[in-house]
Amino acid sequence: MIVVCPTSHGGHIEHAVNLASASADAGKDATVVSRRGSREYFHRTVPGVQIVELFPDLTSLGLPRVVGSVAALVVENVLLAVYLLTRPRSSVVLLEEPRFPLACLLRREMPALVLFVHNTTNHSGDRTLWARAQNRMQRYMSRRLPCVVHGTPQRDALKASGVGRIQQVALPGAGIAERHASAEPTAPPELGESPGDDFLLCLGEIRANKGFHVAIEAATAANRRVVVAGGAHDADYLRRLEGAASDRVTIVPRFLEPEEFSWLLEKTSALVLPYQGFSAQSGPLARAMSLSKRVLISDNPALMDQVKNYPLATIVGASDPTAWAGAMQDVSTGPPSDNSIGDVASAPSWTAVAAAVHRAARS
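For clarity, every value in this text was computed on a predicted model and none was experimentally measured. (Residues numbered from 1 in each chain as written. Predicted model: local features only at pLDDT ≥ 70, side-chain atom pairs only at ≥ 80, totals over all residues. Heavy atoms only, no water.)

## A short note on helix α5 (residues 129–142)
Taking 1.5 Å per residue as the helical rise, α5 with its 14 residues ought to reach 20 Å, and the 20 Å between its terminal C-alpha atoms agrees with that figure. Within the span of α5, buried status applies to Trp 130, Ala 131, Met 137, Gln 138, Met 141 and Ser 142. The buried residues of α5 all sit within an arc of 115° when viewed along its axis, so they share a single face. Residues of α5 that are exposed and point over 90 degrees away from its buried face: Leu 129 and Arg 136. Taken together, the buried residues of α5 touch α3 (65–85), β4 (92–95), α4 (101–105), β5 (112–116), β6 (147–149) and α6 (152–160). (Helix = DSSP H or I, 4+ residues; strand = E, 2+ residues; numbered from the N terminus. Expected span 1.5 Å × (residues − 1). Buried < 20%, exposed > 50% of the residue type's maximum accessible area, 1.4 Å probe, protein only. Arc of directions from axis to C-beta. Contact = heavy atoms within 4.5 Å.)

## A word on helix α1 (residues 11–25)
With 15 residues, α1 should reach 21 Å at 1.5 Å per residue; the first-to-last C-alpha distance of 21 Å fits that figure. Of all 15 residues in α1, 12 are buried, a share of seventy percent or more. With its phi angle positive at about 85°, Gly 27 sits one or two positions after the end of α1.

## Some thoughts on a positive patch on the surface
Together, Arg 132, Arg 136, Arg 139, Arg 143 and Arg 144 give the surface a local cluster of positive charge. Tracing the backbone shows Arg 139 in helix α5. Since its relative accessible area comes to 39%, Arg 139 is described here as partly exposed. (Patch = residues over 30% accessible without salt bridge, like charges linked within 9 Å, V, L, I, M, F, W, Y side chains within 5 Å. Areas by Shrake-Rupley, 256 points an atom, 1.4 Å probe, with all protein chains shown as cover. Salt bridge = Lys/Arg side-chain N within 4 Å of Asp/Glu carboxyl O. Lys, Arg positive; Asp, Glu negative; His and termini not counted. Charge placed at Lys NZ, Arg CZ, Asp CG, Glu CD.)

## Details of a nonpolar patch on the surface
Nonpolar side chains collect at one region of the surface, where Val 66, Val 70, Val 74, Val 78 and Val 82 lie side by side and expose about 400 Å² of accessible area between them. If you trace the backbone, Val 78 turns up in helix α3.

## As for unusual backbone geometry
A positive phi is found at Asn 223, a non-glycine position, where the angle reads about 55°. Within the element layout of this structure, Asn 223 appears in the loop between α8 (212–222) and β9 (226–229). One non-glycine residue, Ser 292, lies in the positive phi region at around 55°. Along the chain, Ser 292 falls in the loop between α11 (283–290) and β12 (294–298).

Spelled out as structure tokens, the structure:
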């Protein structure tokens, strides 16, 4: 299996490595094709998995954001097409992101292509020309390639848009990437020398659609400590959060190292996801559930689908700070007791995800 992931850090590259590792465990070839910097980010060898840094990192050129995005799209499409045209036709290629229309156009000359549809719409909420172009690429590719999705709302949205070949499989919360990170958990330095473990945690890219402003307002009212951590792609929204933050709020506005991500989830009293416009399943939520953590989530259809039958989930109205404050006050400090955990559903596996990709390729 060849897993194509043009993101060199964060959840997507870990998703790709976990999936490739499951393929390697099944005795199949396993390659992750990614961007320069991915090996440094992962910085551990995974048996049977090769990481190929095919795509250059164009950020060093200092181009305006839209120009850089378009340049990266063109360069990555050409490089991937040339690379895949030299691979054995018997290979299975999973495209982790819908940004490769050239490979899709040339699919009859390629190995079997499968598209992973994480987000059924661009959940940044942007109405820009670039966001519309991304949505068009996904529509073009999803109607021509077999697709794999994690959640029922995503599957139903694809069906409604005319997509016929869909495999649905649950999102695992733990794989080899998480096992490596858990071996050496590290507190983010922004938390100070004695970070403690009585804090609520908001994880994800810092964008307005994630609703972190609601969490900060609620945490202040509930007098609970909250940590907000994730890459900051919207400078205006970050300034808004910083202006609303009290001394009980710590903001870590950057991509976390895997060991930091692991430390935060292992130590937190509860994961808080007040996501608003969001049409994917959440990697942090899957990881928290695999650790039997309490989770407070918004009444977002994708998130509610993900936590069904999970006994430690509390669902709150997305834009109701009073309800969020009440839910936060109800969270006790420290890990949940054995009695409160109950029968957590058996964990999804990356082996099942790899099998779904192969089924999709055969379709």
